[in-house]
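Take a look at the letters that make up each chain.
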Amino acid sequence: MSKTLLVNLPVHDRAKSVEFFSALGFTPDPAGQASTRVVISDACSVLLHERATFQRYTNTPVTDTDTSREVIVGVSVDERAEVDDLVDRAIAGGASDLGQAQDDGFLYMRGFRDLDGHQWSFVHMNVAAFGQA
């Protein structure tokens, strides 16, 4: 069996979060009454949990994303334009813009905070330019 990455995130309103990530082109797959799996790729999914469910799994209080970060979710994409498209769609869907793109020639990255304050970065790496910056 191949390895897959499952990122688990607590959310305030699972239906709104599923709608938000669906608008980015990710595929929702209900994982139970209190969780929804959102498929990013064959090797990566995000599990959106109602806060009580997430807290039950961690046995610790849910992080306050207004004051701290528990994780930055980074997703690589094939084209630089895809970075801008995904972040622009996220912002149009209610995400908070993290500002200017980082452009190091070999790496292009932009980010946002989703509806629950989780930080996301979309990255395009130009392998041909790697080492030339």
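Attention in this report is confined to the structure presented alongside it.

About the criteria used
Residues numbered from 1 in each chain as written. Predicted model: local features only at pLDDT ≥ 70, side-chain atom pairs only at ≥ 80, totals over all residues. Heavy atoms only, no water. Helix = DSSP H or I, 4+ residues; strand = E, 2+ residues; numbered from the N terminus. Rg over C-alpha atoms; globule rule 2.2 N^0.38 Å. Buried < 20%, exposed > 50% of the residue type's maximum accessible area, 1.4 Å probe, protein only. Contact = heavy atoms within 4.5 Å. Pairing = 2+ DSSP bridges. Phe/Tyr/Trp six-rings, centres within 6.5 Å; stacked < 30°, edge-to-face > 60°.

**Considerations on the overall build of the chain**
A count of helices and strands for the chain gives three helices and nine strands. In the chain, the order of α-helices and β-strands from amino to carboxyl end is β-α-β-β-β-α-β-α-β-β-β-β. A globule of 133 residues ought to have a C-alpha radius of gyration of about 14 Å, and the chain, at 15 Å, matches this closely. Each principal axis of the C-alpha atoms in the chain carries an extent, and together these give about 50 × 40 × 25 Å. Counting the 133 residues in the chain, one finds 38% classified as buried.

**Structural notes on the side chain of Ser 121**
One can find Ser 121 in strand S9 (residues 119–125). Ser 121 sits in the buried class, given a relative accessible area of 10%. Not counting the four nearest positions on each side in its chain, Ser 121 is found in contact with Ile 72, Val 73, Gly 74, Val 75, Met 109, Arg 110 and Gly 111.

**Describing the pairing of strand S5 (residues 72–76)**
By the alternation rule, side chains of S5 split into Val 73 and Val 75, which are all buried, and Ile 72, Gly 74 and Ser 76, of which none is buried. Note: S5 against S9, five bridges, orientation parallel. In the sheet register, Ser 76 faces S9, and the bridge partner there is Val 123.

**Points about the packing of aromatic side chains**
Under the counting rule described, the total for this entry stands at seven aromatic pairs. Here Phe 20 and Phe 21 contribute two aromatic rings whose centre-to-centre distance is 5.0 Å and whose plane-to-plane angle is 85°, an arrangement assigned as edge-to-face. Aromatic side chains Phe 21 and Phe 26 sit 6.5 Å apart centroid to centroid with 20° between the ring planes, which places their arrangement in the stacked category. The buried category is assigned to Phe 26, whose relative accessible area is 9%. Three or more aromatic residues joined by ring pairs form one cluster here, namely Phe 20, Phe 21, Phe 26, Phe 112, Trp 120 and Phe 122.

**What about the pairing of S9?**
Taken residue by residue, a regular strand's side chains alternate between the two faces of the sheet. With six of seven residues buried, S9 lies mostly within the body of the structure. Bridging between strand S8 (residues 107–113) and S9 involves seven bridges; their strand directions are antiparallel. The residue of S9 that forms the bridge with Met 109 is Val 123. The hairpin formed by S8 and S9 contains five residues between the paired strands, and Gly 117 there has a positive phi angle of roughly 85°.

**A short note on unusual backbone geometry**
Positive phi, normally seen in glycine, also occurs at Asn 59, with a value near 60°. Structurally, the position occupied by Asn 59 is in the loop between helix H2 (51–58) and S5. What makes Asn 59 exposed here is its relative accessible area of 68%.

**Describing the environment of Thr 67**
Its location among the elements puts Thr 67 in the loop between H2 and S5. Separated by 17 residues in the primary sequence, Thr 67 and Glu 50 have C-alpha atoms spaced 20 Å apart.

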